[in-house]
Structure formats: structure tokens, C-alpha cells
Amino acid sequence: MSKWPSAAAAIVVLTAGFGALALGTDGWRIWTAESARRQAVIDAPTPLPAYPLIDSRGEQLVLTGDDRPLTVVDLIYTRCPTVCQAMGAQFRQLQGELAALGLLDRVELVSVTFDPANDDDPALDGYLSRFAAIEPHWRAARFLHDTHLDAALDRLGVIVIPEPRVGFVHNAAFYLVDDGQVVEIMDVDDRSSLLESVLRRLQEES
């Protein structure tokens, strides 16, 4: 008996399977929930709610509004011993690059805590000092109301799980906010791509 029919059938099955996989992953773009989340904001930017925050200097701000500069947001807690330290280091380098380009007045960095019970003004101020932040171009803030924090985390797709040994386990990213909408979500170790996106949007606004 010839093996060709079975081989041909296998090829048809594999082709159909790859086709279904490509369709199900939106043309191979989406492999995980995280990549799906990031692709979604590129396809349809996510509007941020106009919830008030208060920064380490006691000043209120919101992440929406026509007068807002282009903003890069990260979600942190100041006691974090791992990824938040990496994000802070990346923000410090990003701010240095923006300063060298004379763009500090056109881009704001905002570190938002999801641990307001512990991150009071001195804790947030200490976080900024730890990374030599140039204020007020880099601000650290917390939501005024826990319900607003929960809603913002849900809107951004941020997962925060209490973990007694380290505080929290959470996913981490940089959120590029333009005109009150999250337009890109970037890896915390890909500062070069983040800077490229910032420069491209600033050029488009000029």
C-alpha cells in the first residue's frame, strides 16, 4: 500500500492546523495574553479615567486632559526589591536621554504606586531620590481612592498579587500615554524602543 495518500493527508491536516493557529493568533501577532494586551492598545488605544492622583509633593494630577504632555507611566511599589528597581533604573536612563535632547519639558514620567497603604509622601519621595529623578519632570504618585486604583489597574491589565515574602508579585511594563489614552505598552528592558516611540510621537506633534 502506498504511503503517499497518508502523507498527503498529514500535510493537509498540518496546513489546516497552521492556518487555524495563524487565524487564532491574529496573523501570528498574538501568542500570549500579555502580547494580546499590548497589541490591543496599538489597534485601539485605551482611554484612561480622569481619576485624581497626589504626588510626593502633595500636588494633585490626572493622567488625562488636553494640557497633558506626552507621558510615560509605570506601576510600582517602593518596597519592591526586584522589577521595580529595574524600572526605576530604566526611567533614570530615559530621563537622562530626554534631558540630553532638551525634551524634558515635553515628556513627563509618572511612577504610580499600587501600594498606597505603605507608599506615603516620604516613601514616594525616597523612591525618586534613589534614582536621582529630575522633578517635576518625573513624579511619583498614588491614587486618592482605592476604588480608583482598582479600576485603573483593571483598565491597564495590571495583575497585582499579594505575596508575604516580597510584598507583591506583579506584571511590569511601561505605558505610553498620549491625549489621555494608552497608545503603547512596552517591555521594561526595551528602553530604546520606548525612546523611539516617544521621539516619533513628539515629531508628529511638532
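Check the entry above for the structure.
Quick caveat: nothing in here was measured; it's all calculated off a predicted structure. (Residues numbered from 1 in each chain as written. Predicted model: local features only at pLDDT ≥ 70, side-chain atom pairs only at ≥ 80, totals over all residues. Heavy atoms only, no water.)

Chemist: Help me out: how do you make sense of empty space enclosed by the protein in this one?
Modeler: Using the criterion set out here, one finds one cavity of 30 Å³ or more in the structure. One number sums up the size of the largest cavity: a volume of about 130 Å³. Lining the largest cavity are 16 residues, and of these Leu48, Leu63, Phe143, Ala152 and Leu156 sit closest to its centre. Every element with two or more residues in the lining of the largest cavity is listed here: β4 (70-76), α5 (146-156) and β9 (174-178). Of the residues assigned to the lining of the largest cavity, the class counts are 16 nonpolar, no polar and no charged. (1 Å grid on protein atoms, 1.4 Å probe; cavity = no way out; pocket = protein on both sides within 12 Å on 5 of 7 lines; lining within 4 Å. Points joined across faces, edges and corners; volume = space filled by probe spheres on them. Helix = DSSP H or I, 4+ residues; strand = E, 2+ residues; numbered from the N terminus. Nonpolar A, V, L, I, M, F, W, Y, C, P; charged D, E, K, R; others polar.)

Chemist: Explain the packing of aromatic side chains here, please?
Modeler: Working definition: an aromatic ring pair is given by the centre-to-centre distance plus the angle between the planes. Here the structure, examined in full by the defined rule, presents seven aromatic pairs. With a centroid separation of 5.5 Å and an interplanar angle of 50°, the aromatic rings of tyrosine 77 and phenylalanine 114 are classed as tilted. Of the two residues, tyrosine 77 is situated in the loop between β4 and α3 (83-100) and phenylalanine 114 in the loop between β5 (107-113) and α4 (121-130); the sequence distance between them amounts to 37 residues. Among the residues examined, tyrosine 77 registers a relative accessible area of 0% and is labelled buried. Centre to centre, the rings of phenylalanine 91 and tryptophan 138 are 5.3 Å apart; their planes meet at 80°, and the pair counts as edge-to-face. With a gap of 47 residues between them, phenylalanine 91 in helix α3 and tryptophan 138 in strand β6 (residues 138-143) connect regions that are remote in the sequence. The pair formed by phenylalanine 91 and tryptophan 138 is uniform in burial state, with each residue classed as buried. Taken together, Phe91, Tyr127, Phe131, Trp138 and Phe174 form an aromatic cluster joined through their ring pairs. (Phe/Tyr/Trp six-rings, centres within 6.5 Å; stacked < 30°, edge-to-face > 60°. Buried < 20%, exposed > 50% of the residue type's maximum accessible area, 1.4 Å probe, protein only.)

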